[in-house]
Amino acid sequence: MSESSENNHQQAYVSMKNFGHRYGPDPQAPIAVQDINLDIHRHEFVAVVGPSGCGKSTLLRMVSGLLIPSHGEVSVFNRAVTEPRDDVGIVFQKPNLLPWLTVKKNVLFPLKHKYGRVREEDKKRADELLKMTGLSAFSDKMPDELSGGMQQRVGIVRALLLNPDILLMDEPFSALDALTREQIGFDLLDIWRDHPKTVLFITHSITEAVLLADRILVMSKRPGTVLDLIEVDLPRPRNAETINSARFSELTNIIRGHIYEPTSHA
Ligand SMILES: Nc1ncnc2c1ncn2[C@@H]1O[C@H](COP(=O)(O)OP(=O)(O)OP(=O)(O)O)[C@@H](O)[C@H]1O
């Protein structure tokens, strides 16, 4: 489907206009990402899939302000992103927890760092989110006492506690085994339902993208550009049954067709 069939009346929280990026000052250097146009609306869940090196992380870093595009513009809440933003939550592939702090102190750390103190209501919310992600019993444990999946959940709770309107997730589950990955995907859907956020989710997994997202941006091989923007018309709430549905297979096949199509850039 095309961008024109979007719900244009909705407010765009993130907007990419003719956006592209070439790393470094050399005008002869290859372009990493090219001609991306995308509006992400309030509380929309948008996934980005594409071959390795197509520029998925570059795109996410532009939205966070960690990188400034060499071409075009990325804006958040109608303002061009020109510096790192502290109002977006970011979850990376590895949670990078502080090994000397307990789980609870880890999730509260960014709040303490940002505001200099932690309020009682923040502690309550931390407990709530830790409960929701099955981590209550591990609140006082140290990170190295947790499995990889648990640590990743802690990273998600930590990002959510700052209560960002926009959550950027860069292959957050890629280090996990398949079963844990699927379960944590369902956990994320529960959290997103109860605490709606605008999500930009980078993944290598086509099935994960279809399970989670409202729309999926399919990117070509470098220079990464838009091959398709697919509306995921699967009903919510989504669960294990969703994965077994015929429509789920259709959608994953459409994306596979794009990525493995010999005539595409992939
Ligand atoms: N700091 C950098 N300097 C120069 N080139 C870079 C830099 N970071 C990324 N690139 C190049 O930009 C392109 C896009 O990289 P990016 O990490 O955004 O891709 P990706 O789709 O996220 O890859 P992967 O799926 O493997 O994580 C790649 O060709 C990469 O080599």
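Note that the structure is predicted; figures quoted are calculated from it, not measured.

> What is the right way to read the site of the ligand from this model?
What surrounds the ligand is the set Tyr-23, Ala-32, Gly-50, Ser-52, Gly-53, Cys-54, Gly-55, Lys-56, Ser-57, Thr-58 and Arg-222. Counting residues per element, the shell around the ligand draws most heavily on helix α1 (residues 56-64), which supplies 3 residues.

> Where do I start with helix α2 (residues 103-115) in this structure?
Each full turn of the α-helix corresponds to 3.6 residues, which orients residues three or four apart in the same direction. Compared with an ideal rise of 1.5 Å per residue, which puts 13 residues at 18 Å, α2 spans 19 Å between its outermost C-alpha atoms and is within 8% of the ideal. Bending of α2 peaks at approximately 40° at the position of Phe-109, with proline Pro-110 no more than four residues after it. What α2 keeps buried is the set Val-103, Lys-104, Asn-106, Val-107, Leu-108 and Leu-111. Buried residues in α2 make contact with α3 (120-132) and α4 (148-161). After α2 finishes, the residue Gly-116 shows a positive phi value of roughly 80°.

> Honestly, the UniProt feature "domain: ABC transporter" (unreviewed entry) in the protein chain in this entry has me stumped. Any pointers?
Under the local residue numbering, the UniProt record ascribes the feature "domain: ABC transporter" (unreviewed entry) to residues 14-246. Annotated as 33% helix and 25% strand, the span residues 14-246 places its first and last C-alpha atoms 32 Å apart.

> Please explain the nonpolar core as it appears in this structure.
Soluble globular proteins tend to pack their nonpolar side chains together in the buried interior. Formed by 70 residues in total, the largest nonpolar core has its most connected members in Val-63, Phe-201, Ala-213 and Ile-216. Among the elements that take part in this core, α4 stands out by supplying 7 residues, more than any other. A domain-level breakdown of this core finds at least three residues from each of domain 1 (3-87 + 166-260) and domain 2 (96-163). With residues near it in sequence (within four places) discarded, Ala-213 still touches Phe-45, Val-46, Ala-47, Phe-201 and Val-232.

> In this structure, what is going on with the pairing of strand β6 (residues 88-91)? I would like to understand it.
Covered by surrounding structure in β6 are Val-88 and Ile-90 together with Gly-89 and Val-91, the residues of both alternating faces. Here β6 pairs with strand β7 (residues 166-170) via 4 bridges, running parallel. Paired with Ile-90 across the two strands is Leu-168, which belongs to β7.

> For this particular structure, what's the right way to read the sheet that holds strand β1 (residues 12-22)?
Two strands in a sheet stick together by hydrogen bonds in their backbones, pointing the same way (parallel) or opposite ways (antiparallel). Reading across the sheet, the 4 strands line up as β2-β1-β4-β5 and stay open at both edges, with antiparallel pairing between neighbours. Each of the sheet's edge strands pairs with one partner strand only, and the pair in question is β2 (31-41) and β5 (79-80). Pairing between strand β4 (residues 71-76) and β5: 2 bridges, direction antiparallel. In the sheet register, Ser-75 faces β5, and the bridge partner there is Ala-80.

> Mind showing me how you'd approach the packing of α3 against α4 here?
What describes two packed helices is the angle between their axes and the distance between those same axes. The interhelical angle for the contact between α3 and α4, taken along N-to-C directions, is 145°, at an axis separation of 10 Å. Two packed elements cross with a definite hand, and for α3 against α4 that hand is right-handed. Each of Asp-122, Arg-125, Ala-126, Leu-129 and Leu-130 in α3 lies in contact with α4, whose residues at this interface are Val-157, Leu-160 and Leu-161.

> Before we go on, may I ask you to explain the sheet that holds strand β8 (residues 198-202) in this structure?
On the basis of which strands lie adjacent, the open sheet formed by 6 strands has the order β6-β7-β8-β3-β9-β10 and mixed pairing. Strand pairing shows two members of the sheet lacking a second neighbour, β6 and β10 (226-231), which therefore form its edges. Ignoring which end each strand starts from, the neighbouring axes of this sheet average 15° apart.

> It is not clear to me how the packing of α2 against α3 should be interpreted in this structure. Could you clarify?
At a minimum axis separation of 10 Å, α2 and α3 run at an interaxial angle of 135°. As judged from the angle between their axes, α2 and α3 are oblique. Crossing hand, α2 versus α3: right-handed. Residue-level inspection shows Lys-104, Val-107, Leu-108 and Leu-111 of α2 in contact with α3, the latter providing Asp-122, Lys-123 and Ala-126. Partitioned by chemical class, the residues of the contact of α2 with α3 number 4 nonpolar, no polar and 3 charged.

> Any chance you could explain the environment of Leu-161 here in plain terms?
Within the fold, Leu-161 resides in helix α4. Residue Leu-161 is classed as buried on the basis of its 22 C-beta neighbours within 10 Å. For the pair Leu-161 and Pro-110, spaced 51 residues apart in sequence, the C-alpha to C-alpha distance is 8.5 Å. Those residues in contact with Leu-161 that sit more than four places away from it in its chain are Val-107, Leu-108, Leu-111, Asp-122, Arg-125, Ala-126 and Leu-129.

Rules of the game
Residues numbered from 1 in each chain as written. Predicted model: local features only at pLDDT ≥ 70, side-chain atom pairs only at ≥ 80, totals over all residues. Near = placed C-beta within 6 Å. Helix = DSSP H or I, 4+ residues; strand = E, 2+ residues; numbered from the N terminus. Expected span 1.5 Å × (residues − 1). Bend = angle between axes of the 7 residues up to and from the residue. Buried ≥ 20, exposed ≤ 12 C-beta atoms within 10 Å, placed from the backbone. Contact = placed C-beta atoms within 7 Å. UniProt positions renumbered as here; feature names shortened; annotations may be inferred. Core = buried A, V, L, I, M, F, W, Y, C linked by C-beta atoms within 7 Å. Domains from an automatic or database assignment. Pairing = 2+ DSSP bridges. Axes fitted to C-alpha atoms, helices over the stretch in contact; angles between N-to-C directions. Left-handed = near helix turned anticlockwise from the far one by under 90°. Parallel < 35°, antiparallel > 145°, perpendicular 65-115°, else oblique. Nonpolar A, V, L, I, M, F, W, Y, C, P; charged D, E, K, R; others polar.

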